[in-house]
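Report on the structure
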Amino acid sequence: MIDVLIIGAGMAGLTAAIYARRANKSVVILEEKTYGGQILSTFTVGNWPGDPDVSGPDLMKKIYHHANNLGAEIRYEKVIAVRDFEDYKEVETDEGVVSARAVIIATGAIDRPLGLPREAEFFGRGISYCGTCDGALYAGRDVIVVGGGNSAFYNALYLADVCSKVYIVHRRDEFRADAMLVDKVRAKGNVEFVMSSWPVEILGDEKIEGLVVEGVDGVRREILASGIFVAVGKEPATEAFRGFVKMDEAGYIIAGEECMTSRDGVFVAGDCRTKCMKQLITAAADGAVAGNAAAAYAGKTLAAACVDE
Ligand code: NAP
């Protein structure tokens, strides 16, 4: 029987593993894809305290080794369901069943699609959700970034150095992204802002040739480009836990600052839980709280876990 089973090896899950291992509990992390989570696609994190230039992959490599060196075991399995047997939980994966005293859900969030016809068909062939991963494929060509948040602007910042021109298509007349980041992109010189407009049609048959956008005035415009980078936010990766723990309407798992879900012995950390600020640093904070609480639950000392040390 494992003490603390963590689902997801992003910032929240790996930090939880560090805290639970330091509390001397056995820890297994189940990860469907690869360790590191969403920040793997960020070229320069920018707001990680003390290391403003660190890249997402470099930071996550360090945190993975930290957890691993402390003895946290990582298994690459997809979680299908969790069942509650009061004294312990049973987690069903595509490889079998794992039992644990406490479970932490740290599955994060996944990219939200635009919802346009043929978007899925063009995924990986002109449509991408990650500028730093796929930008090189469009070197010297024109590309479009859709979205007005930090992800869109980090994508644009990277793509502006690789591509000949970058269009940012945004549905409002102001951006959600940090002002400093917007200024950096504005200074690039080869980025055009297409404001108060949203995509309505993908152009091209065999390959992407551009995007038709419609403005608030109802006027449509064709933007010719070889690639479309979609950065219109995230959706929680919580499907496997529907009906098991309470969620809000959007599927985020409901928990307070102490990271406890509606189910005894099940905790949640990171971008898949309800909270107003979904950042790398708050995912790490959640991981610390959930790791500590889950370790205390597994050791039957949860009541004392929230006391300041
Ligand atoms: P986000 O902040 O939610 O921004 C999503 C953007 O897409 C918004 O501008 C939104 O428009 C637009 N949008 C949403 N649905 C749309 C649709 N159907 N059609 C067209 N546009 C649509 O998401 P994000 O940029 O992925 O960032 C998520 C979180 O991660 C944020 O808290 C962000 O700060 C953080 N993040 C941090 C870093 C970093 O610090 N290094 C990097 C990336 C992301 P509206 O503005 O009109 O709603």
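Further up the page is the structure itself.
Scope of this entry: the structure provided in the associated data block. (Residues numbered from 1 in each chain as written. Predicted model: local features only at pLDDT ≥ 70, side-chain atom pairs only at ≥ 80, totals over all residues. Heavy atoms only, no water.)

Some thoughts on the side chain of Lys89
In this structure, Lys89 sits in strand E5 (residues 89–93). Lys89 has contacts with Val82, Arg83, Asp84, Val98, Ser99, Ala100, Arg101, Val103, Asp264, Gly265, Val266 and Tyr297, leaving out every residue within four places of it along the chain. (Helix = DSSP H or I, 4+ residues; strand = E, 2+ residues; numbered from the N terminus. Contact = heavy atoms within 4.5 Å.)

Let's talk about the state of the cysteines
One pass over the structure, following the stated rule, counts one disulfide. Disulfide partner of Cys130: Cys133, at an S-S distance of 2.0 Å. Between Cys130 and Cys133, the disulfide has an S-S torsion of 75 degrees and is therefore right-handed. For Cys130, a relative accessible area of 9% translates into the label buried. (Disulfide = S-S within 2.5 Å. Buried < 20%, exposed > 50% of the residue type's maximum accessible area, 1.4 Å probe, protein only.)

Quick notes on the pairing of E5
By the criterion of burial, E5 is predominantly enclosed, with four of the five residues buried. Relative to E5, strand E4 (residues 79–84) runs antiparallel, the two sharing five bridges. When the bridges of E5 are listed, Ala81 appears paired with Glu92. With antiparallel pairing between neighbouring strands as the criterion, E4 and E5 make up a hairpin whose turn holds four residues, including Glu86 at a positive phi of roughly 60 degrees. (Pairing = 2+ DSSP bridges.)

Structural notes on the site of the ligand
As a structural note, the neighbourhood of the ligand is formed by 19 residues, with Asn47, Ser151, Arg172, Arg176 and Gln279 the closest of them. One of the side-chain nitrogen or oxygen atoms of Arg171 is found 3.0 Å away from an oxygen atom of the ligand. Arg172 places a side-chain nitrogen or oxygen 2.6 Å from an oxygen atom of the ligand. Of the residues forming the shell around the ligand, the biggest block, three residues, is contributed by helix H5 (residues 150–162). Looking at the shell around the ligand residue by residue, the class counts come to four nonpolar, nine polar and six charged. (Near = heavy atom within 4 Å. Polar contact = N/O pair within 3.5 Å; in protein donor to acceptor, adjacent residues only side chain to side chain. Nonpolar A, V, L, I, M, F, W, Y, C, P; charged D, E, K, R; others polar.)

Here we look at the sheet that holds strand E10 (residues 165–169)
Here five strands make up an open sheet; going across it, the order is E8-E15-E9-E10-E11 and the pairing parallel. The sheet is open, and its two borders are formed by strand E8 (127–128) and strand E11 (191–194), each paired with just one other strand. Pairing geometry for strand E9 (residues 142–146) and E10, over five bridges, is parallel. By the bridge assignment for E10, Ile144 is matched with Tyr167.

Considering the sheet that holds strand E13 (residues 210–215)
Reading across the sheet, the three strands line up as E12-E13-E14 and stay open at both edges, with antiparallel pairing between neighbours. Two strands lie at the open edges of the sheet, namely strand E12 (197–203) and strand E14 (220–224), each paired on one side alone. Ignoring which end each strand starts from, the neighbouring axes of this sheet average 30 degrees apart. In this structure, E13 lies alongside E14, joined through five bridges in antiparallel fashion. Residue pairing across strands places Leu211 opposite Ile223, the latter belonging to E14. (Axes fitted to C-alpha atoms, helices over the stretch in contact; angles between N-to-C directions.)

Observations regarding the packing of helix H1 (residues 11–22) against helix H2 (residues 56–69)
Helix-helix packing is characterised by the crossing angle of the two axes and by the distance between the axes. The N-to-C vectors of H1 and H2 enclose an angle of 30 degrees; their axes lie 8 Å apart at closest approach. If you check the angle between H1 and H2, you find them roughly parallel. In this structure, the crossing between H1 and H2 has a hand that is left-handed. Together, Met11, Leu14, Ala17 and Ile18 of H1 and Leu59, Met60, Ile63, Tyr64, His66 and Ala67 of H2 make up the contact between the two elements. When grouped by side-chain class, the residues that make up the contact of H1 with H2 number nine nonpolar, one polar and no charged. (Parallel < 35°, antiparallel > 145°, perpendicular 65-115°, else oblique. Left-handed = near helix turned anticlockwise from the far one by under 90°.)

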